[in-house]
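Each chain, written out:
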Amino acid sequence: MRKLPYILPLLLTLLVVGCGKQESDLPVNTRLGGEFTLTDHNGEPFSQSQLKGKVSILFFGYTHCPDICPAVLARVAQVYRKLEEAGEADQVQPVFITFDPERDTATHLKEYLPWFKADIIGLTGSLAEIREVAKQYGVVFIKDQEEQDYLFTHSDYIYLLDDQGRVRKLYPADFTIDEVVTDAKSLL
Amino acid sequence: MPRACFNALLAGAVLALAVPAYAELTVSDPWLRAVPPVSPTMAGYATLNNTGEAAVTITGVSTSVAGHTMLHNVKTDDDGNRRMVHLHHLEIPAGESVVLAPGNRHLMLMKLTQVPAPGDTVEICFHLNGGQDACAVFPVKRASQSDG
């Protein structure tokens, strides 16, 4: 019993560490990401720093895209719903950045995105602003001028950002929903 | 009308109903991905089966809900970027099937005149070489985890 005064602080320390936030195994990607300011779907300026404090699922696309982009939006919405069921959706923010500002105005994004019921923030801006953000994330988009209703050749990665806005993982467009849910939870 | 003529007409009508007009191309597992009501485009998927003994070529696609309907393919270039390619013709060899799936070959409905909602159905017709049409009813579905 005489050892108890010495052991008790150690036990308490272990208890505090054990119950504290677990560090995620996901490495920080230092080559991608960074600060940016665009315009959100309400027409207000939106800076990347506003995402800090939440885990973000960030992806690029355009609303006239018939196949890949709606599929990605639907899958992100499924991730969101799974986090919602787990009571953790309020700590995760999906963000859609258009690379078609000509057609994807703030007004159009505000009409388009709520249908997915995933609290998605839509971001648009000038083409120059969007090009700069795309460059930060290694995103390529090329407007196909041949078609009357133009399409884009584009990369389609999805980015998981931690609560400090750092890129922690990239996923292909056909990502596994449970994988993103698990990874997002590991960053909470 | 003489009874013999009436019988002949009746027999012809019954025969026309009994023999599928589009025996060479059948469409299985058709569906359209539901999109927001303000969406200008949507995509369709199915398996196209050539059950005939000769190759069949799809030369066009149409539906009443879209001003422009096309067959597209998604090509991935060496850098991993994805590009849409308009398929002006799609040949399906005899006895073979072609799958239209997300991120792959698919139907692209553009200039939507109305955006069908989940649960709605839309008839889509494939125009074949030789002048025939093969039409199928596509239900509109929200995405599921298994749709790729």
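The structure this text deals with has already been given above.
Presented here is a report on the structure given in the accompanying data block.

Cut-offs applied
- Residues numbered from 1 in each chain as written.
- Chains lettered and ligands numbered in written order.
- Predicted model: local features only at pLDDT ≥ 70, side-chain atom pairs only at ≥ 80, totals over all residues.
- Heavy atoms only, no water.
- Contact = heavy atoms within 4.5 Å.
- Buried area = accessible area lost by both parts, 1.4 Å probe.
- Salt bridge = Lys/Arg side-chain N within 4 Å of Asp/Glu carboxyl O.
- Polar contact = N/O pair within 3.5 Å; in protein donor to acceptor, adjacent residues only side chain to side chain.
- Helix = DSSP H or I, 4+ residues; strand = E, 2+ residues; numbered from the N terminus.
- Nonpolar A, V, L, I, M, F, W, Y, C, P; charged D, E, K, R; others polar.
- Axes fitted to C-alpha atoms, helices over the stretch in contact; angles between N-to-C directions.
- Parallel < 35°, antiparallel > 145°, perpendicular 65-115°, else oblique.
- Left-handed = near helix turned anticlockwise from the far one by under 90°.
- Buried < 20%, exposed > 50% of the residue type's maximum accessible area, 1.4 Å probe, protein only.
- Pairing = 2+ DSSP bridges.
- Phe/Tyr/Trp six-rings, centres within 6.5 Å; stacked < 30°, edge-to-face > 60°.
- Core = buried A, V, L, I, M, F, W, Y, C linked by side-chain atoms within 4.5 Å.
- Disulfide = S-S within 2.5 Å.
- Arc of directions from axis to C-beta.

**Quick look at the interface of chain B and chain A**
Opposite the 34 residues of chain B that make contact, chain A presents 32 residues. Carbon and sulfur atoms supply 57% of the area buried between chain B and chain A, which totals about 2,600 Å² over both sides. Summed over the shared surface of chain B and chain A, the number is 0 salt bridges. Our count for the contact surface shared by chain B and chain A stands at 3 residue pairs in polar contact (both at pLDDT 80 or more). For the side of chain B that touches chain A, the secondary-structure elements that each account for two or more residues are β2 (42–50), β4 (66–76), β5 (82–87) and β8 (106–112) of chain B. Residue composition of the side of chain B that touches chain A, by class: 16 nonpolar, 11 polar and 7 charged.

**Overview of the packing of helix α2 (residues 68–85) of chain A against helix α5 (residues 177–186) of chain A**
Residue and element names in this part refer to chain A. Across the interface, α2 lies against α5 with an axial gap of 9 Å and an inter-helix angle of 50°. In terms of axis orientation, α2 runs oblique to α5. Here α2 runs over α5; the crossing is right-handed. Taking contact as the criterion, the partners of R75, Q78, V79, K82 and L83 in α2 are, on α5, I177, D178, V180, V181, A184 and K185. Here the contact of α2 with α5 is built from residues that sort into 6 nonpolar, 1 polar and 4 charged.

**A closer look at the pairing of strand β7 (residues 151–154) of chain A**
A regular strand places its side chains on the two faces of the sheet in alternate fashion. Residues and elements named next belong to chain A. Neither face of β7 is open: one carries L151 and T153, the other F152 and H154, and all of them are buried. When strand β6 (residues 141–144) meets β7, the two strands line up antiparallel, connected through 4 bridges. For F141, the partnering residue across the bridge sits in β7 and is H154.

**A word on the packing of aromatic side chains**
Two numbers describe a pair of aromatic rings. These are the distance of the centres and the angle of the planes. All names here are of chain A. Counted by the stated rule, this structure contains 15 aromatic pairs over all chains. An angle of 90° between the planes, with centres 5.1 Å apart, marks the rings of W115 and F116 as edge-to-face. A residue is classified by how much of its surface remains accessible, and W115, at 16% relative accessible area, is buried. Ring centres of Y137 and Y159 lie 5.2 Å apart, and the angle between their planes is 75°; on these two criteria the pair is classed as edge-to-face. Placement of the pair is Y137 in the loop between α4 (127–136) and β6 and Y159 in strand β8 (residues 158–161), with a sequence separation of 22 residues. Side by side, Y137 and Y159 carry an identical accessibility label, which is buried.

**Here's the deal with the sheet that holds strand β5 (residues 121–124) of chain A**
Residue and element names in this part refer to chain A. Across the sheet, 7 strands lie side by side as β2-β1-β5-β4-β3-β8-β9; this open sheet has mixed pairing. Only two strands of the sheet have a single neighbouring strand rather than two, namely β2 (45–47) and β9 (167–171). When strand polarity is set aside, the average angle formed by the axes of neighbouring strands in this sheet is 35°. Inspection of the sheet shows strand β4 (residues 92–98) paired to β5 by 3 bridges, in the parallel sense. Paired with V95 across the strands is I121, a residue of β5.

**A word on the nonpolar core**
A:F60, A:Y137, B:I58 and B:F126 are the most contacted members of the largest nonpolar core, which has 94 residues in total. Per-element accounting of this core gives the leading share, 9 residues, to α2(A).

**Re the state of the cysteines**
Residues and elements named next belong to chain B. In total, this model carries 1 disulfide over all chains according to the counting rule given. Sulfur-sulfur distance for the disulfide between C125 and C135 comes to 2.0 Å. One disulfide, between C125 and C135, carries an S-S torsion of 105° and so falls in the right-handed class. Residue C125 is found in strand β9 (residues 121–128), and its partner C135 is found in strand β10 (residues 133–141); the two are separated by 10 residues along the sequence. Under the relative-accessibility criterion, C125 is labelled buried at 12%.

**Re α5(A)**
All buried positions along α5(A) are accounted for by A:I177, A:V180, A:V181, A:D183 and A:A184. Along the long axis of α5(A), the arc covered by the buried residues comes to 170°, so they all point the same way.

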